[in-house]
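Examining the three-dimensional arrangement
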Amino acid sequence: MGLIDQAVDLLETGVSNVKENVKDVLDQADYDYSGAIYDSILTTKVGKVIGWAQKNALWPATFGLACCAIEMMAMANSRWDAARFGAEVFRASPRQADLMIVSGRVSQKMAPVLKTIFDQMPEPKWVISMGACASCGGIFNNYAIVQGVDRVVPVDVYVPGCPPGPEALLYGIIKLQEKIMNEAGTKQAAKRVA
Amino acid sequence: MTSEEIVEKIKTDQGKAINSSEVNLGDSVIFVGAERIHDIAEYLKNDPDLDFDYLSNITGTDYLNEEREPRFEVVYELHSIEKNHSIRIRVGLDEEDPTIPTVSDLWKGALYPERELFDMFGFDIKGHSNLSRLIMPEEWEGNPLRKDYPLTIEDVTFSHNREFKQDLVKSKPRTR
Amino acid sequence: MTVTDQGLLEREKDSMTLNMGPQHPSTHGVFRVVLEMDGELVDSAEPHIGFLHTGIEKTSEAKRYVHVIPMTDRLDYLSPPGNNLAFCLTVEKLLQTDVPERAKFLRVIMCELARMASHLVWLATHALDIGAMTVFLYCWREREMILDLNEEISGVRMMTSYIRLGGVVKDSTPGWLQSVRNFVEYFPAKIDEYERLLTRNPIWLDRTQNIGVMSREEAINWSMSGPVLRASGVNWDLRKQRPYSGYENFEFEVPTGKNGDIYDRYLVRVAELRQSREIVRQALKNLPAGPYKVDDNKISLPNRKTLKSSMEALIHHFKLVSEGVSVPKGETYVPIEGPRGEVGFYIVSDGSNVPSRVKLRAPSFMAIPGMCKMMEGCFIADVVGIIGSIDIVMGEVDR
């Protein structure tokens, strides 16, 4: 059980206490809209709040491999502006990042390095496999290339294309945000920090 | 100098040292034995008329599928910056003993291409300062660019996303 | 610790090994270098490459000539048309065919646009490594325009595969030519903008002047090429020395440097941006009319319209699509001037429709030992500057 989980549990116990109290108060006050207040605000889970914070502050690792890395750089630039989705803070150290964009082909020599970098990232962490080569080996079905990076690290979102344009990668990031939000407050999210 | 002149000059100066020469599609080409390559390279670099001071490229070739002897070939591309002409040296190498002396003492730029030849073809470069794997990992077996090395190796079978994929398969509606 | 004659403190040598890469933001990919440090100074640098080894050369031996072209895009992924051109010129030399004038001009336009795009990425990342963030944003702004031009004519932003055997894949449109013209008119002011930020910037000068110096003789002996060679004072540009694809029709200068340091390489590349823009301007002005690919159905696909009326064209189409181009037996090497230097393919053909050996002469690969030679004796902080000034692309280093 990670630290975050403990904190979430504590908070949720506290919040449920508050909810009970508030419910009593609201019942006594007998407002018309007391039910609405209760449903809209007070039933929100703390896990959801944390997921919302996480999805809007994805910090990718600067992990450029090949051609796709150029398009990844383009995504961070002014025209495509990944900052709109909170994913522009590229971190040089994997220990400060929580999103790994595998941008390009992964060779047999690079695969152990990639795994090490993934292990160095703090939990919870997500992986986007960018481009055909990272997703399945692409046009390079040969001795040198790992046929899909999902053989080395677990992948959350696959972005197709050779190379995918920045807009495709942005769509991948939005999809990942949806995934984070769907998982937030559930067992899957807890599993990520186990 | 034009390609024909270069070939003529080398023929008159070093006629015995080279095996043959030709002008192929406008490029001057000489064929040299592996034991003479260093002498010829030194001559090409130091001759004032030829003055090949720039090593452009070193290539290995494997002629396994073609009926010809010897099996391997090392190809050097040289330019002369001052004179603006070029030459190609082709050196045949035996299958049993692919050994060739280094030219990295003449052109420092030869260090890495020669290491690449060792790595990708398994040629033994005599006199090279650091003959170790360059592109493939240290523990790699075989020399990938040889023709008898398979192009594709299916090795890794496990996947992190296997569980998820099985769920997908299960949730598919059954056909028939 | 002892005191020397000059009154300086001298300590015993105490070296430390420092690993840089393969995951490092300023190694421009997955380059790894192991530095032996003596305090802040680099004693020796040992490069490790191969982390992006893709086996393109080996895979090419299993693909038809036409299918190799998209793979050459992925070698030097900052200037794909240059690789396409080098490959096509080599195969065309083996086929002994010559492409029409219009195709040559279109090829030149694509290559020079790619050279500009490539130099813009170089300037952006090099300046970012040294600490100038604004240049990064500015350069990408103009690069996006070039990528839009690529997308308009070939359908993709980066990997155009526009240059094919016997010409180009399709003719340019008047609208596209007008877009290029607009860009060419717009671009010089932007180069001035970058220069205003850097050329006389004292921080930039301090970080680049007299660092990573390579003399003329060294640069030749270590097989450096392209802007690095020219910055060392060697007037060697294959567009001038061995004109290919109609470069003899253009008037342009070959900028050279004097000192061979990082700053001179910067000046040479910025001057090349202006020259490339000038070449594109001339190409647009003198673009001849006529066919955009050879009229030889054994090499390029027949015209779409003739397919419905001519049986012969249909047979050629079928043969070319299902079998590909058969290249006469032989081997040859054609070098061209890419953004990083001499790009050349050595191709061995055994007479079939599949190449027997494809070897890329990669300028970045040849530059790596020379680059590590430059690092010796410099400060650790200058290592990123030196790597940036060579402008390595790992795709073509590891192939």
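Structure first, text after, so check above.
What comes next is a walk through the structure. Residue indices follow the written sequence of each chain, beginning from 1 at its first position. A letter from A marks each chain and a number from 1 marks each ligand, given out in the order of writing. Where totals are concerned, whole chains, interfaces and linings use all residues; where local detail is concerned, this predicted model gives features only for residues with pLDDT of at least 70, and gives and counts side-chain atom pairs only at 80 or more. Hydrogens are left out, water is left out, and the side-chain values use all remaining heavy atoms of the structure.

A short note on the environment of C:Ala86
All names here are of chain C. Quick note on the threshold: Secondary structure elements follow DSSP: runs of H or I no shorter than four residues count as helices, runs of E no shorter than two count as strands, and numbering proceeds from the N terminus. Partly exposed residues are those whose accessible area sits between 20% and 50% of the maximum for their type, while under 20% is buried and over 50% is exposed, using a 1.4 Å probe and protein chains only. Contacts are assigned to residue pairs that have any heavy atoms within 4.5 Å of one another.
Relative to the elements of secondary structure, Ala86 occurs in helix 3 (residues 80-95). Given a relative accessible area of 0%, Ala86 falls into the buried group. Ala86 sits 249 residues away from Pro335 along the chain, and the two C-alpha atoms are 6.8 Å apart. When residues no more than four places from it in sequence are discounted, the contact partners of Ala86 are Ile336, Val343 and Phe345.

Things to note about unusual backbone geometry
Cis geometry marks the peptide bond from A:Glu123 to A:Pro124, where omega comes out at -5 degrees. One can find A:Pro124 in the loop between helix 5 (111-120) and strand 2 (126-130). Here the bond from A:Cys162 into A:Pro163 is cis, since omega is -10 degrees, no more than 30 degrees from zero. One can find A:Pro163 in the loop between strand 3 (157-159) and helix 7 (166-183). The residue B:Asp51 is not glycine, and still its phi comes out positive at about 55 degrees. Structurally, B:Asp51 can be placed in the loop between helix 2 (37-46) and strand 3 (54-62). Backbone geometry at C:Ser245 places phi at a positive 50 degrees, although glycine is not the residue there. Structurally, the position occupied by C:Ser245 is in the loop between helix 10 (238-241) and helix 11 (262-285). On the basis of relative accessible area, C:Ser245 is assigned to the buried category, the value being 9%.

Notes on the sheet that holds strand 2 of chain A
Residue and element names in this part refer to chain A. Put simply, the rule reads: DSSP calls a pair of strands paired once it identifies at least 2 bridges connecting them. Axis lines are fitted to C-alpha atoms, over the contacting stretch for helices. Their N-to-C directions set the angle, which ranges from 0 to 180 degrees.
If you trace the three strands from one edge of the open sheet to the other, you get 1-2-3, paired in parallel fashion. One side of each edge strand has no neighbouring strand; the edge strands of this open sheet are strand 1 (99-103) and strand 3. Ignoring strand direction, the axes of neighbouring strands in this sheet form an average angle of 20 degrees. Bridge count for strand 1 against strand 2 is five bridges, and the pairing is parallel.

Some points on the interface of chain C and chain B
For clarity, the cut-off: The term buried area refers to how much accessible surface (probe radius 1.4 Å) is lost by two components on association, counted for both of them together. Note on definitions: salt bridges are taken to be side-chain nitrogens of Lys or Arg within 4 Å of carboxyl oxygens of Asp or Glu. Pairs of N or O atoms are called polar contacts if they sit within 3.5 Å, as long as, within protein, a hydrogen donor faces a hydrogen acceptor (for residues adjacent in sequence, only side-chain-to-side-chain pairs).
Contact residues are listed per partner, giving 44 residues for chain C and 49 residues for chain B. Carbon and sulfur atoms supply 52% of the area buried between chain C and chain B, which totals about 3,800 Å² over both sides. Note that C:Lys359 is salt-bridged to B:Glu116, the shortest N-O span being 3.2 Å. Across the contact surface, chain C and chain B share 26 residue pairs in polar contact (both at pLDDT 80 or more).

Looking at the packing of helix 3 of chain C against helix 4 (residues 101-130) of chain C
Residues and elements named next belong to chain C. Note the cut-off: Note that Gly is not counted as nonpolar here; it falls among the polar residues with everything else outside the nonpolar set of Ala, Val, Leu, Ile, Met, Phe, Trp, Tyr, Cys and Pro and the charged set of Asp, Glu, Lys and Arg.
The contact between helix 3 and helix 4 brings their axes to 8 Å, and the two run at 145 degrees. Between helix 3, through Pro81, Gly82, Leu85, Cys88, Leu89 and Glu92, and helix 4, the contact on the second element is made entirely by Arg107, Met110, Cys111 and Ala114. Of the residues belonging to the contact of helix 3 with helix 4, the class tally is seven nonpolar, one polar and two charged.

Side note on the pattern of salt bridges
By the definition in use, this model includes 50 salt bridges over all chains. Note that B:Arg90 and B:Glu73 form a salt bridge whose closest N and O atoms lie 2.9 Å from each other. With a gap of 17 residues between them, B:Arg90 in strand 5 (residues 85-93) and B:Glu73 in strand 4 (residues 72-80) connect regions that are remote in the sequence. Residue C:Glu337 is joined to C:Arg230 by a salt bridge in which the shortest nitrogen-to-oxygen separation is 3.0 Å. Linking C:Glu337 in strand 8 (residues 330-338) with C:Arg230 in helix 9 (residues 227-231), this pair joins segments that are 107 residues apart in sequence. For the residue pair C:Glu337 and C:Arg230, the accessibility class agrees, reading buried in each case. Each of C:Glu112, C:Arg115, C:Arg230, C:Asp237, C:Arg239, C:Glu272 and C:Glu337 takes part in salt bridges that share partners, so that together they form one network.

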